[in-house]
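Topology and contacts: notes
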Amino acid sequence: MGKLSRTVAAALAVAATARAASLADICTVSNVQSTLPANGTLPGIELLPSTVTASPVYNATITTSSATYSYCNVTVTYTRPGKDNVVVWYGFPSPGDFKNRFYVAGGGGYTISTTVTGGLPYGAVSGTTDAGYDGFSQSYDLAVLYGNGSINWDATYMFAYQALGETTLIGKALTKNFYGTSDKIYTYFEGCSDGGREAMSQVQRWGEEYDGVIAGAPAFRYAQQQVNHVFSATVLQTLEYNPPPCELEKIVNLTIAACDPLDGRSDGVVSRTDLCKMNFNLNSTIGEPYYCAAENSTSLGFGYSAAKVKRQQTSGSTSSSTPEQSGTVSAEAVAVAQAIYDGLIGSDGKRGYLSYQTACSFDDAATTYDSTTGEWELSIPSTGGEFVTKFVQLQDLDNLSSLDNVTYDTLIDWMNTAMIRYLDSLQTTLPDLTPFQSSGGKLLHYHGESDPSIPSGSSVHYFDSVRKTMYPTKAYNESVEALGDWYRFFLVPGAAHCGVNSLQPGPYPQSNMDTIIAWVEQGVVPERLNASVSSGSYAGETQMLCNWPLRPKWSDNSTSEFDCVYDQESIDNWTYDFDAFKLPVY
């Protein structure tokens, strides 16, 4: 007993010393080397002390906060048996700011996060990785092939889930040693788009390592999701009509105007896209006039929504000029819009994939103007085209050259090939989350209902797959209640891809980390999700979003208060069976 007491006392003394030390005292190469987990304690990982770098950063600013932060910037390299070196990068808060938390942020597109400051506002150590393929300098799509026909499987598994899991494993152990603490380290992951897929990959593959995970608009079901980016262009090719962008925009704006009041309030937001789908006939837009002034435009790469106010250009982006556009909405354009909203269905009538909710913009159907012919031309989104060439056809090409001879059946075949090939890596749809659930993890999942890049129905389908897998013997309401103890899903009315929507001035959650911390550390269950309206007539309003499967319904047009109602017809409207595939699609 006396020996144990002395051991505990010694540990407490080390912790007290670390907490009392200044950032300059502990942010040295020698100190970091001394706190590295001993080789052999983390299976398969050998840390290389000679590679350690450490430097203090003072009064840094970050995009998510107006405050400044000081931290220790640390890198270290490790090896795995038979594999290349991997660099991990951490940001350690000043000792007085550390709150026993570890945080990992997801990236976007084919890039893992390239910053270690995201956790600083929460007193958390932050970590990221180059994943062993020089991920700080190049994106994964540049490393996926060794050459035509040859997949870099190590890079693939590292990008899919392995690198981030190892970053967390190393980071948690290093954090305890760095601050000299034996206290629990609360571990969080937060990401949207591919960052949301990365978040889900950690829940599925490294669930026991995390206490709280925030997954926004996950780009999971990777095979279907990525090929789906070619679907809209294939609709144009199949129906032999390339609508001017302004014509499709008019259809969207008319749809929003008609469906806005169906949720009980007229605020410019379609909070019930299911009611819109069931009650609005797109044919009513035929003959309506449209006009758009000439402008310069940008075709975006992976993971960014043209419906967002803030646009970010990627390596696959192209810029072009468009002329003035005017005319009336044609039956051909409405046929294109309806086919896109209906989703991918093969020639045998079997469903390949779901699509964007009615009232979403048609980003993937954007056409480009050919000034030499005066015609609007088909444009294949590089988001989907590159996936097909590199990941399906295994050709080192950045996009498909054309859609000649490409049919809906072709898209389904591409999806099936990719699903089978990447089933245990990029697909990221394992529905059995037992390790995460049994270790006490909490999952906060959200998705913009009018996301024009990753269909919000994708998230609904995964939630239901988890519900059925985890609670197969329970009735629907009982299984939803049981799942709600540790997994909450929220649709964000009107929101686009990972952000607000310039076409619908609706709410967006701004404090998800505060919500997940309260749930994990204080047991405060998010029955509803706090969201703020940042534009339009209701700017500044706070809305408490409904937990799926409950849906919002206003009874008073002038209030921010609405009921969360159970609507079986709505649930049925969000339910899909992907019977084009022989394997189950979770």
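See the structure printed just above.
Residues numbered from 1 in each chain as written. Predicted model: local features only at pLDDT ≥ 70, side-chain atom pairs only at ≥ 80, totals over all residues. Heavy atoms only, no water.

1. What about the pairing of strand β19 (residues 487-492)?
In terms of burial, β19 is a largely internal element, six of the six residues being buried. The side-chain alternation of β19 yields two buried faces, one formed by Tyr487, Phe489 and Leu491 and the other by Arg488, Phe490 and Val492. Bridge count between strand β18 (residues 442-448) and β19: six bridges; the pairing is parallel. Bridge assignment links glycine 448 to a residue of β19, and that residue is valine 492. (Buried < 20%, exposed > 50% of the residue type's maximum accessible area, 1.4 Å probe, protein only. Helix = DSSP H or I, 4+ residues; strand = E, 2+ residues; numbered from the N terminus. Pairing = 2+ DSSP bridges.)

2. Side note on the packing of aromatic side chains
Throughout the structure, instances matching the rule amount to 35 aromatic pairs. Judged by centre distance (5.5 Å) and plane angle (80 degrees), the ring pair of tryptophan 89 and phenylalanine 136 falls under edge-to-face. Highlighted residues: tryptophan 89 in strand β3 (residues 86-93) and phenylalanine 136 in the loop between β5 (124-129) and β6 (145-147), separated in sequence by 47 residues. For the pair tyrosine 133 and tyrosine 140, a centre-to-centre distance of 6.1 Å together with 50 degrees between the ring planes defines the contact as tilted. The class of tyrosine 140 is buried, set by a relative accessible area of 0%. (Phe/Tyr/Trp six-rings, centres within 6.5 Å; stacked < 30°, edge-to-face > 60°.)

3. Focus on the pairing of strand β4 (residues 101-105)
Of all five residues in β4, five are buried; the element is thus mostly enclosed. Burial along β4 is two-sided: the face carrying Arg101, Tyr103 and Ala105 and the face carrying Phe102 and Val104 are both buried.

4. Description of unusual backbone geometry
Going from tryptophan 548 to proline 549, the amide bond is cis rather than trans, its omega being 15 degrees. Phi at leucine 394 is positive, roughly 60 degrees, even though this residue is not glycine. Tracing the chain through its elements places leucine 394 in the loop between α11 (382-392) and α12 (408-421). A residue is classified by how much of its surface remains accessible, and leucine 394, at 11% relative accessible area, is buried. Even without being a glycine, threonine 428 presents a positive backbone phi close to 60 degrees. The topology assignment puts threonine 428 in the loop between α12 and α13 (434-438).

5. Structural notes on the pattern of salt bridges
Taken as a whole and judged by the stated rule, the model has 19 salt bridges. The shortest N-O distance in the salt bridge between aspartate 211 and lysine 184 comes to 2.8 Å. Of this pair, aspartate 211 sits in the loop between α5 (194-205) and β9 (212-216) while lysine 184 sits in the loop between α4 (153-179) and β8 (186-192); the two residues are 27 residues apart in sequence, bridging distant segments of the chain. Using a relative accessible area of 9% as the deciding quantity, one classes aspartate 211 as buried. For lysine 184, a relative accessible area of 44% gives the class partly exposed. Aspartate 464 is the salt-bridge partner of arginine 467, the closest N and O atoms lying 2.7 Å from each other. In this pair, arginine 467 and aspartate 464 are both assigned in helix α14 (residues 456-470), three residues apart and thus about one turn of the helix distant. (Salt bridge = Lys/Arg side-chain N within 4 Å of Asp/Glu carboxyl O.)

6. Considerations on the state of the cysteines
For the coordinates displayed, the defined rule picks out five disulfides. Cysteine 246 shares a disulfide with cysteine 292; S-S distance 2.1 Å. Taking the torsion about the sulfur-sulfur bond, which here is approximately 85 degrees, the covalent link between cysteine 246 and cysteine 292 counts as right-handed. Separated by 46 residues along the polypeptide, cysteine 246 in helix α8 (residues 245-259) and cysteine 292 in strand β10 (residues 289-292) bring together distant segments of the chain. Taking the relative accessible area as the measure of exposure, cysteine 246 reaches 2% and is therefore buried. Cysteine 292 sits in the buried class, given a relative accessible area of 18%. Disulfide partners in the protein, listed by the sequence order of the bonded cysteines, are 1-2, 3-8, 4-7, 5-6, 9-10. (Disulfide = S-S within 2.5 Å.)

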